[in-house]
Amino acid sequence: MRGMWSTWAVLVMGSLSLSGCREEVKPTPPVSSETDWVDPGRYAVCRLSYGSAHTCGDEASFERIGCDTASLASLPRDGIYTVVYRTEHEPPYIDSGSFRISGDGSLDSFLGGAPTERRVEADRFFLSITRRPSLNVSRRTSLVGCRAESNRLYGCYVTCRNGSLSGVGTFMAVKWERRAGEAESSGLRLVSESFVEQGKPVDIYVTQGHAYVVSTSKGDEPGGLTVFDVSDKSAPVLKKRISLPTDNYWNGAWAKGNALYVASADTGVVVFDITNPAEPQQVRSFPGTGPIDVHTVFVEGDRLYGMSPSPQPKTLIFDIQEPTAPRLLGEYAVPGAVESPYEVGYPHDALAFEGRLYINHWSSGYLIVDVRDPEHPKRLGSFAYAYATSHANAVGKFGERLIAFEGGENWGAHLRVLDVTDPTSPKRIGEYKLEANASIHNMVLKGERLYIAHYQHGVRVLDVSEPENPKEVAYYNTYRETDPGRGESFYDGAIGMRVPGDGYVYVIDTSRGLLIFPEP
């Protein structure tokens, strides 16, 4: 998430994380033995030659004694790879990323840009990129291959700031391939596709016959709000594009009545009047107390919740009985979040249900908070696990039980099914896993169907009538390597989703834009 770099992250990992909503993952004491990532030890035997006379990040600064460099000849030379980075700390920290290589180098991409240096040969693999985020700062990141096995590359990385070492470790990269035996789709039929022309599209809300798509900035390209008339699902009509010069990193959207709420990384919650749904009119931003990053928003009844990772990690609680004039009622902050935001984490997303707020609090895991008294929220319980990146959730009643579906956003992240009937003691009762090299993102529960935006795995639909045993009943692979920008980020593919009850599923893909499917 933009603006949430911890001091450690800036100094150690440098420029690795480019997701726009991430920070590096540190192990936390688990309540559950279940984890997304299990430490395999160092991924490769190569090492950085400390004290070397070579410039930081140069290929010659790596020692490859013991590496099987002959095996590098077998590595596929054309494709997109997702990457897990492991630091040299004990216990290690991890991060995720991607790169793309092509036979002639014309499609190569690393950390979202063309590599500054590239040597991909029979017995060598080296990628390096240097960026200048400001006039006084240069950042360099380099990868060197040590060995290859089938579609996997193992090696070492280094990050440098202004020519000095800032991070070092090993990595594993896995070539992206569609799941074995899968076609483009099963049980889902695409009825329309609408490209979004500004920034990186990430979320959507559908109301009054219109789809409101928000985008984050992407490089020098600003994000904003794009409005489609979707009264004809087979042919959405672009009605409006809005982008503000100094406020255009917009990551989430929700609506109530004639008010649209947009989560802004700069000004909190931006409120639009959508009395004329095709022509949103900006009202103001809340809470209006200075720069504030609100990453996601959620509405239940007369309450609006804004999850703010910075400058002080907390969840804002608004009264919206008058929808276009939110009134701040209270806030919830985890003790220690201000003093130790990296260790404690931050609220990424949340869902309110029957007086409780279920918060995905990143490294702290999944929190359950009583918000019936918004001025005095009370934490009831939590579910934590090692290397937590708790990111999104859905909650519903199944008979006499209250069931939560929780997922992280990192290498190996997957769906957990929790019984939260007793909020003081959540219990894991099931899970759903695909390959570790693609993360889940958002999810929506409609009755006994759970819809998941699963990045490179596209759209996944699960029958959760038996929560302990989720069963996939439909999918659509939105990810195509030929689409613009593929391979620039680990967080690429199906990202945002709504199932508003009109018989259709609305999906946002980071490259393709707005995709609409009939409900299966």
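Residues numbered from 1 in each chain as written. Predicted model: local features only at pLDDT ≥ 70, side-chain atom pairs only at ≥ 80, totals over all residues. Heavy atoms only, no water.

Caption draft 1: Structural context of the sheet that holds strand β18 (residues 259-264). Ordered in space as β17-β18-β19-β20, the four strands form an open sheet in which the pairing is antiparallel. If you trace the sheet from one side to the other, it starts and ends with β17 (250-256) and β20 (281-286), each paired once. For this sheet the average axis-to-axis angle between neighbouring strands, irrespective of direction, equals 25°. (Pairing = 2+ DSSP bridges. Helix = DSSP H or I, 4+ residues; strand = E, 2+ residues; numbered from the N terminus. Axes fitted to C-alpha atoms, helices over the stretch in contact; angles between N-to-C directions.)

Caption draft 2: Just the layout of surface pockets, in detail. Quantified by volume, the second largest pocket comes out at close to 660 Å³. Along the wall of the second largest pocket there are 35 residues; nearest its centre are W254, F298, M443, V444 and R498. Of all the secondary structure elements, the ones that give two or more residues to the lining of the second largest pocket are β13 (200-207), β17, β21 (296-300), β25 (349-353), β29 (390-398), β33 (443-446) and β37 (494-498). Top element by residues in the lining of the second largest pocket is β29. It accounts for six residues. Looking at the lining of the second largest pocket residue by residue, the classes come out as 21 nonpolar, ten polar and four charged. (1 Å grid on protein atoms, 1.4 Å probe; cavity = no way out; pocket = protein on both sides within 12 Å on 5 of 7 lines; lining within 4 Å. Points joined across faces, edges and corners; volume = space filled by probe spheres on them. Nonpolar A, V, L, I, M, F, W, Y, C, P; charged D, E, K, R; others polar.)

Caption draft 3: Main features of the pattern of salt bridges. Summed over the entire model, instances satisfying the criterion amount to 34 salt bridges. Put simply, K218 and E488 hold a salt bridge, and the shortest N to O gap is 3.6 Å. With a gap of 270 residues between them, K218 in the loop between β14 (210-216) and β15 (224-229) and E488 in the loop between β36 (471-476) and β37 connect regions that are remote in the sequence. Classification of K218 by relative accessible area gives partly exposed; the value is 35%. Since its relative accessible area comes to 26%, E488 is described here as partly exposed. (Salt bridge = Lys/Arg side-chain N within 4 Å of Asp/Glu carboxyl O. Buried < 20%, exposed > 50% of the residue type's maximum accessible area, 1.4 Å probe, protein only.)

Caption draft 4: Fine view of the state of the cysteines. Applying the stated criterion across every chain, the model contains three disulfides. The residue that forms a disulfide with C56 is C160, at a sulfur-sulfur distance of 2.0 Å. Around the S-S axis, the bridge from C56 to C160 shows a dihedral of about -85° and counts as left-handed. Of the two residues, C56 sits in the loop between β1 (47-48) and β2 (62-63) while C160 sits in strand β9 (residues 152-161), which places them 104 residues apart along the sequence. Per residue, the accessibility class of C56 equals that of C160, and both read buried. Put simply, C67 and C146 are joined by a disulfide, and their sulfur atoms are 2.0 Å apart. Taking the sign of the S-S torsion, -100° for the link of C67 and C146, the bridge is left-handed. Of this pair, C67 sits in the loop between β2 and β3 (79-87) while C146 sits in strand β8 (residues 137-149); the two residues are 79 residues apart in sequence, bridging distant segments of the chain. Neither residue differs from the other here; C67 and C146 are each classed as buried. The connectivity of the disulfide-linked cysteines in the protein chain, indexed sequentially, is 1-5, 2-6, 3-4. (Disulfide = S-S within 2.5 Å.)

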